Amino acid sequence: METDYNPMELPNNTGFEEDSDYRDFEGTDVKDMRLEAEAVVNDVLFAVSNMFVSKTLPCAEDVAYINVETREKNRYCLELTEAGLRVVAYDFDQTDDRLQTPYHETVYSLLDSLSPAYREVFGNAILQRLEALKKESQS
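Parameters at a glance
- Residues numbered from 1 in each chain as written.
- Predicted model: local features only at pLDDT ≥ 70, side-chain atom pairs only at ≥ 80, totals over all residues.
- Heavy atoms only, no water.
- Axes fitted to C-alpha atoms, helices over the stretch in contact; angles between N-to-C directions.
- Helix = DSSP H or I, 4+ residues; strand = E, 2+ residues; numbered from the N terminus.
- Parallel < 35°, antiparallel > 145°, perpendicular 65-115°, else oblique.
- Contact = heavy atoms within 4.5 Å.
- Nonpolar A, V, L, I, M, F, W, Y, C, P; charged D, E, K, R; others polar.
- Buried < 20%, exposed > 50% of the residue type's maximum accessible area, 1.4 Å probe, protein only.
- Pairing = 2+ DSSP bridges.
- Left-handed = near helix turned anticlockwise from the far one by under 90°.
- pLDDT = per-residue confidence, 0-100.
- Phe/Tyr/Trp six-rings, centres within 6.5 Å; stacked < 30°, edge-to-face > 60°.
- Lys NZ or Arg CZ within 6 Å of the ring centre and 35° of its normal.

Visitor: Got a minute to help me understand the packing of helix α2 (residues 107–114) against helix α3 (residues 116–138) in this structure?
Guide: Between two packed helices, what matters for the description is the angle formed by their axes and the separation of those axes. Put simply, α2 and α3 touch, their axes get as near as 5 Å, and they point 125° apart. Classified by the interaxial angle, the pair formed by α2 and α3 is oblique. On the side of α2, the interface is formed by Y108, L111, D112 and L114, while α3 contributes P116, Y118, R119 and F122. Along the lines of polarity and charge, the residues of the contact of α2 with α3 split into six nonpolar, no polar and two charged.

Visitor: Is there a simple way to explain the pairing of strand β2 (residues 64–69) in this structure?
Guide: The side chains of a regular strand alternate between both faces of the sheet. Within β2, six of the six residues are buried, which leaves the element mostly enclosed by the surrounding structure. Burial of the side chains of β2 extends over both faces: A64, I66 and V68 are buried on one face and Y65, N67 and E69 on the other. Both strand β1 (residues 50–53) and β2 contribute to a ladder of four bridges, which runs antiparallel. Note that in β2 the partner of M51 across the bridge is V68. Count of turn residues in the β2/strand β3 (residues 75–81) antiparallel hairpin: five residues, of which K73 carries a positive phi of about 75°.

Visitor: Would you mind going over the packing of helix α1 (residues 33–44) against α2 with me for this structure?
Guide: For the pair α1 and α2, interaxial distance at closest approach is 11 Å and the crossing angle is 55°. Our classification of the angle between α1 and α2 gives oblique. The two elements α1 and α2 cross, and the hand of that crossing is right-handed. For the pair formed by α1 and α2, the contact residues are V40, D43 and V44 on the first element and V107, Y108 and L111 on the second.

Visitor: For this particular structure, what's the right way to read the confidence of the model for the protein chain?
Guide: Detailed reading of the predicted coordinates is not advisable wherever pLDDT falls low. Scored by pLDDT, the protein chain comes out at a mean of 84, with 78% of its residues at no less than 70. Taken together, the stretch residues 1–30 has pLDDT below 50 and engages in 14 contacts with residues farther than four places along the chain or on a different chain.

Visitor: It is not clear to me how the packing of aromatic side chains should be interpreted in this structure. Could you clarify?
Guide: Within a pair of aromatic rings, the relevant descriptors are the distance that separates the centres and the angle that separates the planes. Scanning the model with the defined rule gives five aromatic pairs in all. Ring plane angle 65° and centroid distance 5.9 Å describe the contact between Y76 and Y90, whose orientation is recorded as edge-to-face. Of this pair, Y76 sits in strand β3 while Y90 is found in the loop between β4 (84–89) and α2, placing the two residues 14 residues apart along the sequence. Using a relative accessible area of 8% as the deciding quantity, one classes Y76 as buried. An angle of 25° between the planes, with centres 5.4 Å apart, marks the rings of Y118 and F122 as stacked. Taken as a pair, Y118 and F122 lie in helix α3 at a separation of four residues, close to a single helical turn. A relative accessible area of 1% means that Y118 is categorised as buried. The ring of F92 carries R75 above its face, with NZ or CZ at 4.1 Å from the centroid.

Visitor: Can you help me understand the sheet that holds β4 in this one?
Guide: Working definition: the strands of a sheet are paired by backbone hydrogen bonds and lie parallel or antiparallel to each other. In space, the four strands of this open sheet follow the order β1-β2-β3-β4, with antiparallel pairing throughout. Two strands in the sheet have a free side with no partner beyond their single neighbour: β1 and β4. Adjacent strand axes in the sheet meet at a mean angle of 25° when their direction is disregarded. Docked against the sheet, α1 engages β1, β2 and β3, running at close to 165° with respect to β1. Along the sheet face, α2 touches β1, β2, β3 and β4 and points at about 40° away from the line of β4.

Structure follows, in structure tokens:
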């Protein structure tokens, strides 16, 4: 059964207006890098000693900074942009304009290049998930 509707009768309130994280992005494809950075942190926190979005360095629509301490106790400040992630300093909440490090498309690639312990923990997590899926499929 077809139903005709008048677009003018659709509700104006989509629910995003009350959510301050999305208010400025209605009708745009702009990514908020702070939200992207939080997602990055949540995705790999289990495989590093410490990781958090910097509250000291400025975040904007196009850039955010993430502090990470590897299991080897090495500290880095990472820059997240549309180009990817890269190391911008070898300590928390710092940037060094003289440092010219390559961009990585993913946090996995970047951490894989910095931390053998990350590689091991992440690899073990994948193996555990695969083993759990195998058990589920055999049940």
